[in-house]
Each structure stands twice: as structure tokens, then as C-alpha cells.
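Now for the letters of each chain:
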Amino acid sequence: MELYLDTSDVAAVKKLARIFPLAGVTTNPSIVAAGKKRLDVLLPELYEAMGGKGRLFAQVMATTADGMVNDAHTLRAIIPDLVVKIPVTAEGLAAIKLLKEEGIPTLGTAVYGAAQGLLSALAGAEYVAPYVNRVDAQGGNGIQTVCELQELLTLHAPRAKVLAASFKTPRQALDCLLAGCKSITLPLDVAQQLISYPAVDAAVAKFEQDWQSAFGRTSL
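Residues numbered from 1 in each chain as written. Predicted model: local features only at pLDDT ≥ 70, side-chain atom pairs only at ≥ 80, totals over all residues. Heavy atoms only, no water.

A. Main features of the UniProt feature "active site" (unreviewed entry) in the protein. Within this structure's numbering, the places UniProt gives as "active site" (unreviewed entry) are Lys85. The class of Lys85 is buried, set by a relative accessible area of 6%. Among residues more than four places away in sequence, those in contact with Lys85 are Thr27, Asn28, Phe57, Ala58, Gln59, Val60, Leu107 and Thr109. (UniProt positions renumbered as here; feature names shortened; annotations may be inferred. Buried < 20%, exposed > 50% of the residue type's maximum accessible area, 1.4 Å probe, protein only. Contact = heavy atoms within 4.5 Å.)

B. Expanded view of helix α11 (residues 198-215). With 18 residues, α11 ought to run about 26 Å at 1.5 Å a step, and its terminal C-alpha atoms sit 26 Å apart, in line with that. After α11 finishes, the residue Gly216 shows a positive phi value of roughly 75°. (Helix = DSSP H or I, 4+ residues; strand = E, 2+ residues; numbered from the N terminus. Expected span 1.5 Å × (residues − 1).)

C. View of the side chain of Thr109. Mapping Thr109 onto the fold places it in strand β5 (residues 106-111). Judged by relative accessible area, which is 0%, Thr109 ranks as buried. Each residue touching Thr109, except ones within four places of it in the same chain, is listed here: Gln59, Lys85, Ile86, Pro87, Val88, Ala129 and Tyr131.

D. Molecular detail of the side chain of Ser8. Positionally, Ser8 belongs in the loop between β1 (2-6) and α1 (10-17). For Ser8, a relative accessible area of 15% puts it in the buried group. Among the polar contacts made by the side chain of Ser8, one reaches the main-chain carbonyl oxygen of Ile31 at a distance of 3.1 Å. Aside from chain neighbours lying at most four places away, what touches Ser8 is Ile31, Val32, Gly35, Leu42 and Leu46. (Polar contact = N/O pair within 3.5 Å; in protein donor to acceptor, adjacent residues only side chain to side chain.)

Listed below in C-alpha cells is the structure:
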């Protein structure tokens, strides 16, 4: 299972990389724009924040297949083993096929339907990213979409992985993992919620109190 953070916050990545078993960091144009750092600055900083390990994902901006391929080359000139995110449009599918021929790994992104995701995998995408919460926001069922996509990939494109994205709650992420997803990417707030349990803090405080009462210290 691969766990990613979906962010451009270098300091947060450095902090959470010490705690989480991170596989890497994903970004998209909106996330990068919010941080106001150019990709040639941001991507190396993110890589360093992970201790020089893990995979980075960044997205093309062009809307034609040839332009997307050119963008992919630009991105991989910054980080050579970067996974290129391609929106699953008609031109995007063509770009995924071209990049597959070059041996450049891609992620089919902006996936709102299982059939759309399957097409990107069949075109050669290594990862497929369904937008769970955004599907819900449009009146669909994000988890059901993920379940259908996971089943389709298992049957017809087993080398591709669902990389579920767009979460608002930890429960959505857990449901994707229960559906068989091999990878998820979490926004910082959801990632932090996974390790924030007031009851745990209370239990640890009680342990310390009892130990202090018995032995006059909180150390072993």
C-alpha cells in the first residue's frame, strides 16, 4: 500500500515524513498555485523534505497531446523519475499512449467515472486517480466509483493502480483502502486527523499520572 500527501507545503511534508510511512507527494496546478512557488523550485524542495526518497507527481498544463508530452519532458528534467499527471480527456489519453511508448510513467487524473479511469489504464497510465469527494459533491457516489474502478482494473488492467484522491474525511480514505485501493493521497488536514485521537491523549495522560503516583517520576 502506498500513502502519499497531496500538498505543496514543504514544511508540513518534512514534519509528517518523520511520522508517516510516506511513499511520496502528489501535487496539482491548484495546489502549486496556492503555494506560489515555481515547480523548478518546489519539486526539489519536496524531494529534499522527504529525505531524498519517495515519488513525486506533478501535472501538465497543456491541453493538446503534443503539448502534454512536451510538458512531461519539462517536468522530468526537474525530477527525472517524476510521475506525470495527465487529465483523462481525449487529448490526455493520446498523451498517455505517447508517453507510455517513451517509458515515462503517468497518472490519469481528474477521473470522475470508472469507465474513464479504465481507459486511462488501458492507454498505459501506471496510476489512476478518481476524485472521491468531488464525485460526491456532484451528486454521485465517490466510494462506489472507486469500487467499480478497482474491480475493472483488477479484471482488465491489473498492472495499473488506483490512487484515490480528493478526500474530506478519514472515513472516505479507509473505505477506499477497504475497496482494495493500493494507493491513496491525502490532504494535510485529513492526514493529521488520522493520528489525532483525544481519547488516546487522555489514556497516555492517565498512564503518566498513575506512574507518577506510584514511583514519583514519569520515566522508566
